[in-house]
Amino acid sequence: MIKVSAPGKLILFGEHAVVHGRPCIVTAINHRMCATIDKRNDDKIVLNAPDVGIKNYKISLSELDKEYPKGARFALTAVKNFFRKYKVRSGLSIKTKCGFSSKFGFGGSSAVTVCIIKGLAKLFGIKISNRELFNFSYKTVLGIQKVGSGFDVAAAVYGGTLFFVTGGKIIERINVKTLPLVVGYTGIKADTPTLVKMVNEKKIKYPSLIDPIFNLSKEKVIAAKKALENNDLEVLGELMNFSHGLLTTIGVSCRELDKLVFAARKAGAYGAKLSGAGGGDCMIAVVAKKKRKQVEEAIIEAGGEPIPVVTNTEGIRIEKS
Ligand code: MEV
């Protein structure tokens, strides 16, 4: 029996532009996805993923090519792809347990994909480097979602805080401490693929307007990397404010995110921005210790929910084997 866990993520800077060849900064968080995998003596795969509504879902190995229910797609596609690539087969019992709600946008689908592939490699005694794990997991996630830069897969594999370029062209660890962040959930589930497509369409329609914004995003990410290395919270906050402005310009913020961002700034945060695709999910604010409580209260007052998060945590890890 193998038990494996991988962290969720928060994107700090560079969302959307990272889909178009620019860098972003992502950090792994203390909320983790966990998968337990065991071989069975029959030809069945039995999946329990209660967090996404999957209870005792059973298929035989010969049915792995069929359509799976929504909550089972990432786990079972990872199994199917793994069996194909490494030419192994076995009945399996798989249980997943997510330490965060799928509505927050913390990257549960990528984390579960990484967990299943790493867990199967361990179960079948196949050596797989972090780079191979990233490449294989990203390919699997992209096959299902069709869009995405892969930064969330990188966070699940490597952990820490990463400077990341589209598709993993660069994955570089940033030497940084845990960031004093306040995370505010809007109560709205963002639809990432739709927002990514919407930005794509804008880029096609207005290339001379959108491309310079993505170039600015790149400059801001480079500046933010420096500020992180220097632990300069004031500059980080200002760069977050710039970042929120750029994301608003490309049309991905919404009233609920803006309300929480402005409330956090007014309550004394160094700066605040949306984090992720926009249209809902979470915002982040960088906050001095003495201002944390008042920023959290301001977020509640503005209709949001503060989510306690520790950043810069460990990547994929075998919990039991
Ligand atoms: C979504 O969390 C971040 C986006 O940049 C999409 C991606 O990079 O895959 C909008």
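Coordinates for the structure precede this section.
These lines cover the structure that appears in this document, whether it is placed above or below. (Residues numbered from 1 in each chain as written. Predicted model: local features only at pLDDT ≥ 70, side-chain atom pairs only at ≥ 80, totals over all residues. Heavy atoms only, no water.)

## Looking at the nonpolar core
A general tendency of soluble globular proteins is for nonpolar side chains to be buried together. The biggest cluster of nonpolar side chains holds 87 residues, and the ones touching the most others in it are Ile45, Phe82, Phe83, Phe106 and Ile116. If we ignore the near neighbours within four places in the chain, the residues touching Phe82 are Lys87, Val88, Ile117, Leu120, Ala121, Phe124, Ile126 and Phe136. Listed in part, the 30 residues of the second largest apolar core include Val252, Cys254, Ala263 and Ala272. (Core = buried A, V, L, I, M, F, W, Y, C linked by side-chain atoms within 4.5 Å. Buried < 20%, exposed > 50% of the residue type's maximum accessible area, 1.4 Å probe, protein only. Contact = heavy atoms within 4.5 Å.)

## As for helix 1 (residues 73-86)
With 14 residues, helix 1 extends 20 Å between its outermost C-alpha atoms, agreeing within 8% with the 20 Å of an ideal straight helix rising 1.5 Å per residue. Of all the 14 residues making up helix 1, ten are buried; the element is thus mostly covered by neighbouring parts of the structure. The set of residues buried in helix 1 consists of Phe74, Ala75, Leu76, Thr77, Ala78, Val79, Lys80, Asn81, Phe82 and Phe83. Considering only its buried residues, helix 1 is in contact with strand 3 (44-49), strand 4 (54-60), strand 5 (91-98), helix 2 (108-123) and helix 3 (130-145). In the stretch just after helix 1, Lys87 is the one whose phi turns positive, near 55°. (Helix = DSSP H or I, 4+ residues; strand = E, 2+ residues; numbered from the N terminus. Expected span 1.5 Å × (residues − 1).)

## With respect to the site of the ligand
Around the ligand, the structure places Lys9, Glu15, His16, Val18, Val19, Gly148, Ser149, Phe151, Thr192, Val196, Gly276 and Ala277. At a separation of 2.6 Å, an oxygen atom of the ligand approaches a polar side-chain atom of Ser149. For the ligand, whose unbound accessible area comes to 300 Å², protein coverage reaches 94%. The cavity where the ligand resides is the largest pocket. (Near = heavy atom within 4 Å. Polar contact = N/O pair within 3.5 Å; in protein donor to acceptor, adjacent residues only side chain to side chain. Areas by Shrake-Rupley, 256 points an atom, 1.4 Å probe, with all protein chains shown as cover. 1 Å grid on protein atoms, 1.4 Å probe; cavity = no way out; pocket = protein on both sides within 12 Å on 5 of 7 lines; lining within 4 Å. Sits in = over half its atoms within 2 Å of the grid points.)

## With respect to empty space enclosed by the protein
A full pass over the atoms with the stated rule returns one cavity of 30 Å³ or more. Taken as a whole, the largest cavity holds about 70 Å³ of empty space. Lining the largest cavity are Gly14, Glu15, Ala17, Ile213, Phe214, Ser217, Lys220, Ser243, Leu246, Leu247 and Ile250. If you list the elements that add at least two residues to the lining of the largest cavity, you get helix 6 (207-229) and helix 7 (233-249). With four residues, the top contributor of residues to the lining of the largest cavity is helix 6. For the lining of the largest cavity, the class distribution of residues is six nonpolar, three polar and two charged. (Points joined across faces, edges and corners; volume = space filled by probe spheres on them. Nonpolar A, V, L, I, M, F, W, Y, C, P; charged D, E, K, R; others polar.)

## Observations regarding the sheet that holds strand 9 (residues 271-275)
Within a sheet, each strand pairs with its neighbour through backbone hydrogen bonds, oriented either parallel or antiparallel. Strand order across the open sheet formed by four strands is 9-10-8-11, with antiparallel pairing between neighbours. Taken across any chain shown, the strands that pair with only one partner, and hence form the sheet edges, are strand 9 and strand 11 (305-307). The average angle at which neighbouring strand axes cross in this sheet is 30°, direction not considered. Judged from the five bridges that link them, strand 8 (residues 181-185) and strand 10 (residues 282-286) form a sheet pairing that is antiparallel. Within the sheet, the bridge partner assigned to Leu181 lies in strand 10 and is Val286. The strands touched by helix 9 (residues 292-301) within the sheet are strand 8, strand 10 and strand 11, with strand 8 carrying the most contacts at an inclination of about 10°. (Pairing = 2+ DSSP bridges. Axes fitted to C-alpha atoms, helices over the stretch in contact; angles between N-to-C directions.)

## Quick look at the pairing of strand 4
Alignment of strand 3 against strand 4, held across five bridges, turns out to be antiparallel. In the strand pairing of strand 4, Lys44 is matched with Ser60. The loop that links strand 3 with its antiparallel partner strand 4 comprises four residues; one of these, Gly53, has a positive phi angle of about 75°.

## Focus on the packing of helix 1 against helix 2
It is the contact of helix 1 with helix 2, at a shortest axis distance of 9 Å, that shows an interaxial angle of 35°. Pair helix 1 / helix 2 crosses with right-handed handedness. Of the residues in helix 2, those in contact with Phe74, Ala75, Ala78, Val79 and Phe82 of helix 1 are Ser109, Val112, Thr113, Ile116, Ile117, Leu120 and Ala121. Across the contact of helix 1 with helix 2, the residue classes break down as ten nonpolar, two polar and no charged. (Left-handed = near helix turned anticlockwise from the far one by under 90°.)

## Side note on the packing of aromatic side chains
Scanning the entire structure with this criterion turns up nine aromatic pairs. Here Tyr86 and Phe136 contribute two aromatic rings whose centre-to-centre distance is 6.1 Å and whose plane-to-plane angle is 65°, an arrangement assigned as edge-to-face. With Tyr86 in helix 1 and Phe136 in helix 3, the pair connects residues that are 50 residues apart, well separated along the chain. Ring centres of Phe104 and Phe106 lie 5.3 Å apart, and the angle between their planes is 55°; this geometry places the pair in the tilted category. (Phe/Tyr/Trp six-rings, centres within 6.5 Å; stacked < 30°, edge-to-face > 60°.)

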